[in-house]
Amino acid sequence: MAVIRAAESLERGQDRREEDRARHAASRAAEDSEDRRTRLDGQRARQAASRAAEGSEDTRTRLDGQRARQAASRAAEGSEDTRTRLDGQRARQAASRAAENPIQRRTRSEDQRRRQAASRAAQWTFMEGEAFRYGPANNYDSHPQLYIGQMSDVCSYCNALKWHAETRGMCCSGGKVKLPELQPPPEPLKSLMSGTTPESKHFLDNIRKYNSCFQMTSFGMSEKMSDSGFMPTFRVQGQVYHRVGSLLPPSNEEHKFLQIYFMGDDRKEVQQRCKNMPGVRQDIVEKLQRMVHEHHIYVDLFKTALQRMPTDQYKVLIRADMKPAGEHARRFNEPVTNEVAVVIAGNDFEKRDIVLEKKNGQLQRVSETHRSYDALQYPLIFWKGEDGYHFLIEQTDPTTGMAVTGKKVSAMSFYAYRIMVRTGAVNHILQCRQLFHQYVVDMYAKIESERLSFLRYNQKKLRVDEYIHLKDAIANDGRADNLGQLVILPATFTGSPRHMHEYTQDAMTYVRNHGRPDLFITFTCNPKWREIQEELMEGQAPSDRHDLLARVFRQKLIKLVNIITKSHVFGPTRCWMYSIEWQKRGLPHAHILIWLKNKIKADQIDSVISAELPDPERDPRLFEIIIKTMIHGPCGSINPNCPCMENKKCTKRYPKQLLHDTETGDDGYPSYRRRSS
């Protein structure tokens, strides 16, 4: 038969196969259920016997052939064929599952769980015990479980760019948040934000000063702590607040903030702004002033309102929450003429409204949830006077695109939406460098304030009166006439006493049950990471994008914890915990505690921890990383002004003594092996 088929022509072979298919079809059509069962049982028996007799090479060849035929078949499919095949698969699967009894269904589900668990475990076992046998030739970076990749995932609702492992709703809460897009800035602000010319570089280096020239409210905080140098950051401690004064200054006082807009002479305005804020260039201030006068809607509204005031007894009112009657809350992205009104003294105002008098020496605090809070403080970011966060912004139904009545957008969701990068658009907020830092800190203070306000006004819903510690305090120490109105922060509020107490008890439970931890690992953010450098905008440094640093650091930290706890790089783990902190340089770092099932022995320490420089010829990449990121100093007599120096000695005890083996110091700190050669 083999000789006959080998001598067949192509046409004869096709005809023979067609005849075989016709005979098989006719034969199977004539079968009854018993004949079909007998034939299939015979096929299964022959197939099982054939595969049992296969060697490993035969099995690999057969499977490769099956994959090749299946790939060729699917590549030749049209879209209709693919749809038909998938529909058939779904129908067969549905029929099969419908015919299952409870025992079969339970067995199938357990098999699926076992296969999934085995598959997930196999993804991480590639590095099991690797910490004890590091090899310079191994390329750890290329493994998909270690490399984050590029910011390539696009949100299907708002087109925000994200990394694959980031949560689905971090940009728009899964389509529930939909805000008007901010328009790109006009000239000259667009060119000044580019950072490509000496003028634009000067502007970006001093952008907070230029914004202060035009801001209509003052910026205050309990305590300011700005860090300069390697990684400049903007930090505040305590409360952040904005204040606004009268439209015109009292007699014998100079114009400030909003009052400068009413001087009536453009040249005098420019001179006053430069006088109030030394270090800015007059030509840049003049160009920005023309832009603000032309585009910022509040400037025109204030001037119009001032002209309409018949006497000083009238006041200018900006409603905290405003939307045109019968319109959607986001129908207008900027104020309209009736949103700034002139009202007579004595009218009822909402507590959060801004009420400005013509002349008054007193300052009024602007509510952080007022819709004009952002536009009045950051006129260079919101150059049109767009609304910021307020209480009337409703969530959107992702399926219909309609507003959901009674569901409000939170401040965190609002500003998370604002600072995301989206395809086909440039987010100019992220180009504002130091002003962006101030804006993010300011808005985070607003988010915390909103959370605290919710907790203050919803104590009954949170049922804080049921907290056992509070009940004990009232029963033992309290009196009915001496109880104030306490506001209890639950453990879900990050940083609250109950939150910290809960984590402390968890840590103590680990120690009580498993003893002291085996590993203490510090993981620090590196601004030179490839993922950070790839996502920076033109002309930006990592210090300009603390949002990017935080996002990449979180992804890297998750990868590291997975390597330790799932891949068992140090062996199987019992439990683990970590705490994220911020360095004085402005970079995040994490302290990680690991409890191992198999304790690290004394003779294994030097294979896990090394305080020596690697061989630059054998491991050039690790050598380059170490000398760039992990070398202390120079300090001592070479550099007596080093930050680590105190009383002419290094507080970190450098230089360290040379040792042939790791030893435990008298103070409990280890002295790692440092060989002279």
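None of the values given here were measured: they were computed from a predicted structure.

Criteria and thresholds
Residues numbered from 1 in each chain as written. Predicted model: local features only at pLDDT ≥ 70, side-chain atom pairs only at ≥ 80, totals over all residues. Heavy atoms only, no water. Helix = DSSP H or I, 4+ residues; strand = E, 2+ residues; numbered from the N terminus. Buried < 20%, exposed > 50% of the residue type's maximum accessible area, 1.4 Å probe, protein only. Contact = heavy atoms within 4.5 Å. pLDDT = per-residue confidence, 0-100. Salt bridge = Lys/Arg side-chain N within 4 Å of Asp/Glu carboxyl O. Pairing = 2+ DSSP bridges. Axes fitted to C-alpha atoms, helices over the stretch in contact; angles between N-to-C directions. Arc of directions from axis to C-beta. Patch = residues over 30% accessible without salt bridge, like charges linked within 9 Å, V, L, I, M, F, W, Y side chains within 5 Å. Areas by Shrake-Rupley, 256 points an atom, 1.4 Å probe, with all protein chains shown as cover. Core = buried A, V, L, I, M, F, W, Y, C linked by side-chain atoms within 4.5 Å. Phe/Tyr/Trp six-rings, centres within 6.5 Å; stacked < 30°, edge-to-face > 60°. Polar contact = N/O pair within 3.5 Å; in protein donor to acceptor, adjacent residues only side chain to side chain. Parallel < 35°, antiparallel > 145°, perpendicular 65-115°, else oblique. Nonpolar A, V, L, I, M, F, W, Y, C, P; charged D, E, K, R; others polar. Disulfide = S-S within 2.5 Å. Expected span 1.5 Å × (residues − 1).

1. Observations concerning the overall build of the protein chain
Turning to step 1, where the next piece is worked out: Within the protein chain, the secondary structure is distributed over 22 helices and 17 strands.
Turning to step 2, where the next piece is worked out: Within the protein chain, buried positions represent 35% of all 677 residues.
Turning to step 3, where the next piece is worked out: The long-range fraction of contacts in the protein chain, counting pairs at least 24 apart against all pairs at least 6 apart in sequence, stands at 61%.

2. Some words on the confidence of the model for the protein chain
Turning to step 1, where the next piece is worked out: Averaged over every residue, the pLDDT of the protein chain is 83; the share at 70 or more is 88%.
Turning to step 2, where the next piece is worked out: By mean pLDDT, helix α17 (residues 468–476) is the weakest element of the protein chain at 55, and strand β13 (residues 588–596) is the strongest at 94.
Turning to step 3, where the next piece is worked out: Segment residues 324–338 is flagged for pLDDT under 50; beyond a separation of four residues in sequence, or across chains, it makes 26 contacts in the model.

3. Some remarks on the pattern of salt bridges
Turning to step 1, where the next piece is worked out: Tallying each qualifying case throughout the model produces 35 salt bridges.
Turning to step 2, where the next piece is worked out: Glu-612 serves as the salt-bridge partner of Arg-675, at 2.9 Å between the closest nitrogen and oxygen. Of this pair, Arg-675 sits in the segment after β17 (670–671) while Glu-612 is found in the loop between α21 (605–608) and α22 (620–629), placing the two residues 63 residues apart along the sequence.
Turning to step 3, where the next piece is worked out: Classification of Glu-612 as partly exposed rests on a relative accessible area of 22%.
Turning to step 4, where the next piece is worked out: It is possible to trace a salt-bridge network through shared partners that takes in Glu-8, Arg-16, Asp-20 and Arg-23.

4. As for the sheet that holds strand β11 (residues 519–524)
Turning to step 1, where the next piece is worked out: Strands sit in the order β11-β13-β12 across an open sheet of three strands; the sheet is antiparallel. Unpaired on one side and paired on the other, β11 and β12 (573–582) mark the two borders of the sheet. Strand after strand, the sheet turns through a mean of 20 degrees between neighbouring axes, direction not considered.
Turning to step 2, where the next piece is worked out: Pairing analysis gives nine bridges linking β12 to β13, with the strands arranged antiparallel. Each bridged residue has a counterpart across the sheet, and for Glu-581 the counterpart in β13 is His-589.
Turning to step 3, where the next piece is worked out: Of the strands in this sheet, β12 and β13 touch helix α18 (residues 497–514), which is tilted by about 145 degrees from β12.

5. Examining unusual backbone geometry
Turning to step 1, where the next piece is worked out: Geometrically, the link from Glu-187 to Pro-188 is a cis peptide bond, its omega value of 5 degrees lying close to zero.
Turning to step 2, where the next piece is worked out: Mapped onto the elements of the fold, Pro-188 is located in the loop between β2 (161–162) and α7 (189–192).
Turning to step 3, where the next piece is worked out: Backbone torsion omega between Tyr-654 and Pro-655 reads 0 degrees, so that peptide bond is classified as cis.
Turning to step 4, where the next piece is worked out: Its place among the elements puts Pro-655 in the loop between β15 (649–650) and β16 (663–664).
Turning to step 5, where the next piece is worked out: Here Asn-159, not a glycine, exhibits a phi torsion of approximately 65 degrees, which is positive.
Turning to step 6, where the next piece is worked out: In this fold, Asn-159 is placed in the loop between β1 (153–154) and β2.
Turning to step 7, where the next piece is worked out: One non-glycine residue with positive phi stands out, namely Ser-173, at about 55 degrees.
Turning to step 8, where the next piece is worked out: If you trace the backbone, Ser-173 turns up in the loop between β2 and α7.

6. Examining helix α9 (residues 207–214)
Turning to step 1, where the next piece is worked out: Looking only at α9, the buried set comprises Ile-207, Tyr-210, Asn-211, Cys-213 and Phe-214. Summarising the axial view, the buried residues of α9 lie within an arc of 150 degrees, below the 170-degree limit, and thus occupy one face.
Turning to step 2, where the next piece is worked out: Tucked into the core, α9 has its buried residues touching α8 (198–205), α10 (266–276), α11 (282–295), α13 (373–377) and α15 (434–457).

7. Notes on a nonpolar patch on the surface
Turning to step 1, where the next piece is worked out: Where nonpolar side chains cluster on the molecular surface, the patch consists of Trp-576, Tyr-578 and Ile-580 and spans about 270 Å² of accessible area.
Turning to step 2, where the next piece is worked out: Looking at the secondary structure, you find Trp-576 in strand β12.

8. Focus: the nonpolar core
Turning to step 1, where the next piece is worked out: Judged by nonpolar contacts, the single largest core of 101 residues is most densely connected at Phe-203, Leu-247, Leu-258, Leu-288 and Phe-302.
Turning to step 2, where the next piece is worked out: Sort the elements by how many residues they give to this core and helix α20 (residues 546–565) lands first, with eight residues.
Turning to step 3, where the next piece is worked out: The contacts of Leu-247, once residues within four sequence positions are left out, are Leu-258, Gln-259, Phe-262, Phe-302, Leu-306, Met-309, Val-316, Leu-356, Glu-357 and Lys-358.
Turning to step 4, where the next piece is worked out: Within the second largest apolar cluster, five residues are counted, among which are Cys-635, Cys-642, Cys-644 and Cys-650.

9. Points about the packing of aromatic side chains
Turning to step 1, where the next piece is worked out: One pass over the structure, following the stated rule, counts 12 aromatic pairs.
Turning to step 2, where the next piece is worked out: With 5.4 Å between their ring centres and 90 degrees between their planes, Tyr-378 and Tyr-439 make a pair best called edge-to-face. Within this pair, whereas Tyr-378 is found in the loop between α13 and β9 (394–396), its partner Tyr-439 is found in helix α15, the two being separated by 61 residues in sequence. Grouping residues by exposure puts Tyr-378 and Tyr-439 together as buried.
Turning to step 3, where the next piece is worked out: For the ring pair Phe-414 and Tyr-415, a centre distance of 4.9 Å and an interplane angle of 75 degrees mean the geometry is edge-to-face.

10. Describing the side chain of His-437
Turning to step 1, where the next piece is worked out: By the secondary structure assignment, His-437 is in helix α15.
Turning to step 2, where the next piece is worked out: For His-437, a relative accessible area of 5% gives the class buried.
Turning to step 3, where the next piece is worked out: Of note is the side chain of His-437, whose polar atom sits 3.0 Å from the backbone oxygen of Ser-543.
Turning to step 4, where the next piece is worked out: Once residues within four sequence positions are removed from consideration, His-437 is found in contact with Pro-232, Thr-233, Phe-234, Ser-543, Asp-544, Arg-545 and His-546.

11. Thoughts on the environment of Asn-598
Turning to step 1, where the next piece is worked out: Inspection of the secondary structure assignment puts Asn-598 in the loop between β13 and α21.
Turning to step 2, where the next piece is worked out: With a relative accessible area of 52%, Asn-598 lands in the exposed category.
Turning to step 3, where the next piece is worked out: Taking the C-alpha atoms as reference, Asn-598 lies 6.9 Å from Gly-571; in sequence the two are 27 residues apart.

12. Considering the packing of α11 against helix α12 (residues 297–308)
Turning to step 1, where the next piece is worked out: Two numbers describe how α11 lies on α12: the axes approach to 5 Å, and their chain directions differ by 70 degrees. In terms of axis orientation, α11 runs roughly perpendicular to α12. Within the contact between the two elements, α11 uses Val-292, His-293 and His-295 and α12 uses Ile-297, Val-299, Asp-300 and Lys-303.
Turning to step 2, where the next piece is worked out: Taken together, the residues of the contact of α11 with α12 break down into three nonpolar, two polar and two charged.

13. A few points about the state of the cysteines
Turning to step 1, where the next piece is worked out: With the rule as written, the count across this model stands at zero disulfides.
Turning to step 2, where the next piece is worked out: Cysteine Cys-155 remains unbridged, with the sulfur of Cys-171 as its closest cysteine sulfur at 3.6 Å.
Turning to step 3, where the next piece is worked out: We classify Cys-155 as buried; its relative accessible area is 7%.

14. Comments concerning α18
Since there are 3.6 residues in each turn of an α-helix, residues three or four apart along the chain are aligned in direction.
Turning to step 1, where the next piece is worked out: Over its 18 residues, α18 runs 26 Å from end to end, which matches the ideal 26 Å to within 8%, given 1.5 Å per residue.
Turning to step 2, where the next piece is worked out: Looking one or two residues past α18, Gly-515 carries a phi angle of roughly 80 degrees, positive in sign.

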